[in-house]
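# Coordinates in review
As a plain string of letters, each chain reads:
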Amino acid sequence: MKKTRSPINKNIETAVNELLDSRAESRIYIYLLRKNRARSDEIIRGTKLHPSTVRELLSKMYDNKIIFRQKIKTDSIGKNPYLYGAVSPILLLQRRVKIIESRLNKIANLAGTSNGNKYVQITIDDQGGNP
């Protein structure tokens, strides 16, 4: 029997999907938010994504500072596995705002380059209001 997602969970997934590059990345990010921290094998089982996809995306997301990781010390022979966690959603949003500001400024300044003057500087402020 297939488990249906609540409208709230679906809305969260949609919002996170808009911030990240792919649905698979958003599934991994949301899984890590819910579980706090997890190993790659737990993420594979929890997200039902292909193991190579998960490992590739974990590496990419770590490089892009969407997630963090720490080594787990084990007594067994072989590589020590990592424990992965998601960065704060607020931090993710702040980074996205900076990217949007930069893109908007590039577009706005294209119009102002014909006469040599900067056209406009766009800044998105955090008003600090309560949600």
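As shown above, the structure is provided for reference.
Let us look at the structure shown here. (Residues numbered from 1 in each chain as written. Predicted model: local features only at pLDDT ≥ 70, side-chain atom pairs only at ≥ 80, totals over all residues. Heavy atoms only, no water.)

### Comments concerning the packing of helix α3 (residues 40-47) against helix α4 (residues 51-63)
Two numbers describe how α3 lies on α4: the axes approach to 10 Å, and their chain directions differ by 120°. Comparing the axis directions of α3 and α4 gives the class oblique. Considering how the two elements wind past one another, α3 and α4 form a crossing that is right-handed. Residues Ser-40, Ile-43, Ile-44 and Thr-47 of α3 touch α4, and the partners they reach there are Pro-51, Val-54, Arg-55 and Leu-58. (Axes fitted to C-alpha atoms, helices over the stretch in contact; angles between N-to-C directions. Helix = DSSP H or I, 4+ residues; strand = E, 2+ residues; numbered from the N terminus. Parallel < 35°, antiparallel > 145°, perpendicular 65-115°, else oblique. Left-handed = near helix turned anticlockwise from the far one by under 90°. Contact = heavy atoms within 4.5 Å.)

### Re the sheet that holds strand β1 (residues 37-38)
Taken in spatial order, the 3 strands of this open sheet run β1-β3-β2, and their pairing is antiparallel. Two strands close off the open sheet at either side, each with one partner strand: β1 and β2 (67-71). Sheet analysis places β1 next to strand β3 (residues 82-86), joined by 2 bridges and oriented antiparallel. Bridge pairing links Arg-37 to Gly-85 in β3. (Pairing = 2+ DSSP bridges.)

### Some words on unusual backbone geometry
Located in the positive-phi region is Asn-36, a residue other than glycine, with phi close to 75°. Along the chain, the position of Asn-36 falls in the loop between α2 (23-35) and β1. One non-glycine residue with positive phi stands out, namely Lys-65, at about 60°.

### Section: the nonpolar core
Where a protein is soluble and globular, its nonpolar side chains tend to be buried together. Grouped together as the largest cluster of nonpolar side chains are 23 residues, with contacts concentrated most on Ile-28, Tyr-29, Leu-32 and Ile-43. At the level of secondary structure, the elements contributing two or more residues to this core comprise α1 (7-19), α2, α3, α4 and β3. Ranked by residue count, the leading element in this core is α2, at 6 residues. Ignoring any residue separated from it by four or fewer positions in sequence, one finds Ile-28 in contact with Ile-43, Thr-47, Leu-49, Val-54, Leu-57, Leu-58 and Met-61. (Core = buried A, V, L, I, M, F, W, Y, C linked by side-chain atoms within 4.5 Å. Buried < 20%, exposed > 50% of the residue type's maximum accessible area, 1.4 Å probe, protein only.)

### Topic: the pairing of β3
Remark: a regular strand shows side chains that alternate across the two faces of the sheet. Here β2 pairs with β3 via 5 bridges, running antiparallel. Bridging across to β3, Lys-71 finds its partner in Tyr-82.

### A few points about α3
Every buried residue belonging to α3 is among Ser-40, Ile-43, Ile-44 and Thr-47, and all of these are buried. The buried residues of α3 occupy an angular sector of 100° when the element is viewed end-on, so they sit on one face. Contact partners of the buried residues in α3: α2, β1, α4 and β3. Following α3 by one or two positions, Lys-48 adopts a phi angle in the positive range, close to 60°. (Arc of directions from axis to C-beta.)

### What to know about a nonpolar patch on the surface
Together, Ile-100, Leu-104 and Ile-124 line one region of the surface with nonpolar side chains, adding up to about 220 Å² of accessible area. In this structure, Ile-124 sits in the segment after α5 (89-112). With relative accessibility at 38%, the residue Ile-124 sits in the partly exposed group. (Patch = residues over 30% accessible without salt bridge, like charges linked within 9 Å, V, L, I, M, F, W, Y side chains within 5 Å. Areas by Shrake-Rupley, 256 points an atom, 1.4 Å probe, with all protein chains shown as cover. Salt bridge = Lys/Arg side-chain N within 4 Å of Asp/Glu carboxyl O.)

### Considering the packing of α2 against α3
Following both chains from N to C, one finds α2 and α3 inclined at 110°, their axes separated by 10 Å at the closest point. With respect to α3, the axis of α2 lies roughly perpendicular. Seen from above, α2 lies across α3 with right-handed handedness. Contacts between α2 and α3 involve Arg-27, Ile-28, Tyr-31 and Leu-32 from the first element and Glu-42, Ile-43, Gly-46 and Thr-47 from the second. Residues belonging to the contact of α2 with α3 are distributed by class as follows: 4 nonpolar, 2 polar and 2 charged. (Nonpolar A, V, L, I, M, F, W, Y, C, P; charged D, E, K, R; others polar.)

By themselves these figures say nothing about function.
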